[in-house]
Amino acid sequence: MPATEWTEDLLRELSDTEELVLVVSRTGYDTIRVPVWVVAVDGDVYLRSYKGVTSMWFRRVETDADQSIHVDSADVPVHFENVDRLDHVNRAIDAEFNRKYARFDYVSAMSEPAAVEATLRVLPR
């Protein structure tokens, strides 16, 4: 069962980091490490697949939501939870992606319908 809250230090680190490395495994396949953008909104941590739900890592997370992220040279167990594309929090997530990654030309891809459909909340476990 996932924990409900991040520690203050880890939340700050996840909020400040430019790229978060996902450590995604699946029985019968190699473990993959994937860098992704990450944002924090109201004490929760979110990420999106800019390729949408067809991304390999996203499909693996859908198969097994208990995975890991790499933080401070250690793999930290997490649980991924889908965020409904109609959820009101998506506007705040869009705004945070746009604020945090404004210097990148392709930041707009993170607010496209395919990416919004592939929004995940990251929970400690």
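In what follows, the structure referred to is the one given above.
Residues numbered from 1 in each chain as written. Predicted model: local features only at pLDDT ≥ 70, side-chain atom pairs only at ≥ 80, totals over all residues. Heavy atoms only, no water.

### Looking at helix H3 (residues 89-100)
Quick reminder of the rule: Put simply, DSSP marks the helices as runs of H or I at least four residues long and the strands as runs of E at least two long, and each gets a number from the N terminus on. Under the convention used throughout, the expected extent of a helix is 1.5 Å for every residue step, that is, one less than its residue count. Summary of the burial criterion: residues with accessible area below 20% of their type's maximum are buried, those above 50% are exposed, and those between are partly exposed, where the area comes from a 1.4 Å probe applied to protein chains only. The directions considered for the arc run from the helix axis to the C-beta atoms. By the convention used here, residues are in contact when the closest approach between their heavy atoms is within 4.5 Å.
Relative to the 16 Å expected for 12 residues at 1.5 Å per residue, H3 spans 16 Å between its end C-alpha atoms, a close match to the ideal helical length. Every buried residue of H3 is listed here: Val-89, Asn-90, Ile-93, Asp-94, Glu-96, Phe-97 and Lys-100. For H3, the angular spread of the buried residues around the axis is 165°, confining them to a single face. Within H3, the exposed residues directed more than 90 degrees away from the buried face are Arg-91 and Arg-99. On its buried side, H3 packs onto helix H1 (8-16), strand E3 (38-41), strand E4 (44-48), helix H4 (113-117) and strand E7 (119-124).

### Some details on the layout of surface pockets
Rules: Grid spacing is 1 Å over the protein atoms alone, the probe is 1.4 Å, and a cavity is where that probe fits but cannot get out, while a pocket is an open set with protein on both sides within 12 Å along at least five of seven lines and lining residues have an atom within 4 Å of a point. Grid points are joined across faces, edges and corners, and a volume is the space filled by probe spheres set on the points. All residues other than Ala, Val, Leu, Ile, Met, Phe, Trp, Tyr, Cys, Pro, Asp, Glu, Lys and Arg, Gly among them, are scored as polar; the first ten of these are nonpolar and the last four charged.
Its volume calculated, the largest pocket comes out at about 330 Å³. Lining the largest pocket are 17 residues, and of these Pro-35, Val-36, Trp-37, Tyr-50 and Met-110 lie nearest its centre. Mapped onto the lining of the largest pocket, the elements with two or more residues apiece are strand E2 (32-36) and helix H2 (56-63). At 3 residues, the largest contribution of residues to the lining of the largest pocket is made by E2. In terms of residue class, the lining of the largest pocket is made up of 11 nonpolar, 2 polar and 4 charged.

### A few points about the pattern of salt bridges
To keep things clear, this is the line we draw: Salt bridge, as used here: a side-chain nitrogen of Lys or Arg that lies within 4 Å of a carboxyl oxygen of Asp or Glu.
Evaluation of the coordinates by the stated rule reveals 9 salt bridges. The salt bridge involving Arg-33 is made with Asp-75; its shortest N-O contact spans 3.0 Å. In this pair, Arg-33 is assigned in strand E2 and Asp-75 in strand E6 (residues 74-82), connecting sequence segments 42 residues apart. Where Glu-81 meets Arg-121, a salt bridge forms, and the shortest distance between an N and an O atom there is 2.9 Å. A residue pair is termed long-range when its members are at least 10 positions apart, and Glu-81 in strand E6 and Arg-121 in strand E7 qualify at 40 residues.

### Examining unusual backbone geometry
One non-glycine residue, Asp-42, lies in positive phi territory at about 50°. Relative to the helices and strands, Asp-42 resides in the loop between E3 and E4. Relative accessible area serves as the criterion here: at 76%, Asp-42 is assigned to the exposed category. The backbone phi angle of Asp-72 is positive, close to 50°, even though this residue is not glycine. Here Asp-72 is to be found in the loop between strand E5 (66-71) and E6.

### Remarks on the sheet that holds E2
Within a sheet, each strand pairs with its neighbour through backbone hydrogen bonds, oriented either parallel or antiparallel. How we decide: DSSP-based pairing: two strands are paired if at least 2 bridges between them are found. The axes are straight lines fitted to the C-alpha atoms, using for helices just the contacting stretch, and the angles between their N-to-C directions are given from 0 to 180°.
What the 7 strands build is an open sheet, ordered E2-E1-E5-E6-E7-E4-E3; its pairing is antiparallel. What marks the edges here is a single partner per strand, and that holds for E2 and E3. Mean inter-strand twist for the sheet, computed between neighbouring axes without regard to direction, equals 40°. Looking at chain direction, E6 and E7 are connected through 5 bridges and run antiparallel. Opposite Glu-81, over in E7, you have Arg-121 as the bridge partner. Across the sheet, H2 touches strand E1 (20-24), E2, E4, E5, E6 and E7, and the angle it forms with E2 is around 110°. Contacting E3, E4 and E7, H3 runs over the sheet at an angle of about 125° to E3.

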